[in-house]
Amino acid sequence: MNVPGKYSSLFNDNAKTAFVHQFPGLNGQGLSVARTDIAPGGAVPLNVHTGASETIFIAEGSVTAGFISSDNTVYMKTLNEGDIMVFPQGLMHFLVNTGEEKALVQAIFSSPNPGMQGISQALFGSNLPSEFIEKITLIDANEVRRLKALFGGSG
């Protein structure tokens, strides 16, 4: 957790987690942690934690962070070094490095097993048939095929 990892090719970010599965000492403690490094222009794409709220602390750099409430209101703010933000449990949220330098974001979750589901990965990295994705997202067939190829989905 003290050394940055290699950035992903899709979003130019890298997350290292200490959830109960990786760090059994968290069992019974009611929390878990993560470190995310984000390159300039990189992002943590829309994701949701069904089992925990998430509090982020900007250790280095600056990011624009936001979440979408259950009534579809977007709460978004640019955060700088030393700032914090809370993402409520179960709400979609994201981070974008809008600064000139790499950003280091530390996260604390309110559960040792917060769960994590990336929205793009769930849609385009799964075997959900393309014709259903087209209908439920209004994305055309060519773009669905392109995104399925990018995320490794089938169907």
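Calculation notes
- Residue positions are given per chain, counted from 1 along the sequence in the order it is written.
- Two thresholds apply to this predicted model, a pLDDT of at least 70 for residue-level local features and 80 or more for giving and counting side-chain atom pairs, whereas whole-chain, interface and lining totals are computed over all residues.
- Excluded from the side-chain calculation are hydrogens and water; included are all heavy atoms of the structure.
- Pairing between two strands is assigned when DSSP locates at least 2 bridges connecting them.
- For the purposes of this entry, the term helix denotes a DSSP run of H or I that reaches at least four residues, the term strand denotes a run of E that reaches at least two, and both are numbered from the N terminus.
- In this scheme, a residue with accessible area under 20% of its type's maximum is buried, one over 50% is exposed, and one in between is partly exposed, where area comes from a 1.4 Å probe on protein chains only.
- By the convention used here, residues are in contact when the closest approach between their heavy atoms is within 4.5 Å.
- By definition, a salt bridge exists where a carboxyl oxygen of Asp or Glu is found within 4 Å of a side-chain nitrogen of Lys or Arg.

1. Concerning the sheet that holds strand S3 (residues 43–48)
So, point 1. With antiparallel pairing, the five strands of this open sheet are ordered in space as S6-S5-S8-S3-S10. Pairing within the sheet leaves two strands with one partner each, and these edge strands are strand S6 (74–80) and strand S10 (117–118).
So, point 2. In the sheet, S3 pairs with S10 via two bridges, with the strands oriented antiparallel. Within S10, the residue paired with Asn-47 across the bridge is Gly-118.

2. Remarks on the environment of Gln-29
So, point 1. Within the element layout of this structure, Gln-29 appears in the loop between strand S1 (13–18) and strand S2 (32–38).
So, point 2. On the basis of relative accessibility, which here comes to 52%, the residue Gln-29 falls in the exposed class.
So, point 3. Gln-29 sits 112 residues away from Ala-141 along the chain, and the two C-alpha atoms are 46 Å apart.

3. Considerations on the environment of Pro-40
So, point 1. Relative to the helices and strands, Pro-40 is located in the loop between S2 and S3.
So, point 2. For Pro-40, the contacting residues outside a window of four places in its chain are Asn-97, Gly-99, Glu-100, Glu-101 and Lys-102.

4. Quick look at the pattern of salt bridges
So, point 1. Enumeration according to the criterion identifies four salt bridges in this entry.
So, point 2. In this structure, Arg-35 engages Asp-37 in a salt bridge whose closest nitrogen and oxygen atoms are separated by 2.8 Å. Each member of the pair, Arg-35 as well as Asp-37, carries the same accessibility label: buried.
So, point 3. With a shortest N-O distance of 3.6 Å, Glu-60 and Lys-102 are connected by a salt bridge. With Glu-60 in strand S4 (residues 54–60) and Lys-102 in the loop between strand S8 (93–96) and strand S9 (103–109), this residue pair connects regions lying 42 residues apart in the sequence.
So, point 4. Here Lys-102 falls in the partly exposed class, since its relative accessible area comes to 27%.
So, point 5. Salt bridges here are not isolated pairs; linked through shared partners, they connect Arg-35, Asp-37, Glu-60 and Lys-102.

5. Some remarks on unusual backbone geometry
For residues besides glycine, phi is generally negative; the peptide bonds are generally trans as well.
So, point 1. Its identity as a non-glycine residue notwithstanding, Asn-72 has a phi of 70°, on the positive side.
So, point 2. Relative to the elements of secondary structure, Asn-72 occurs in the loop between strand S5 (62–68) and S6.
So, point 3. Despite not being glycine, Leu-138 has its phi angle at roughly 65°, a positive value.
So, point 4. With respect to the helices and strands, the residue Leu-138 is situated in the loop between helix H2 (130–137) and helix H3 (141–151).

It is worth stressing that arrangement in space is one thing and function is another; only the former is reported here.
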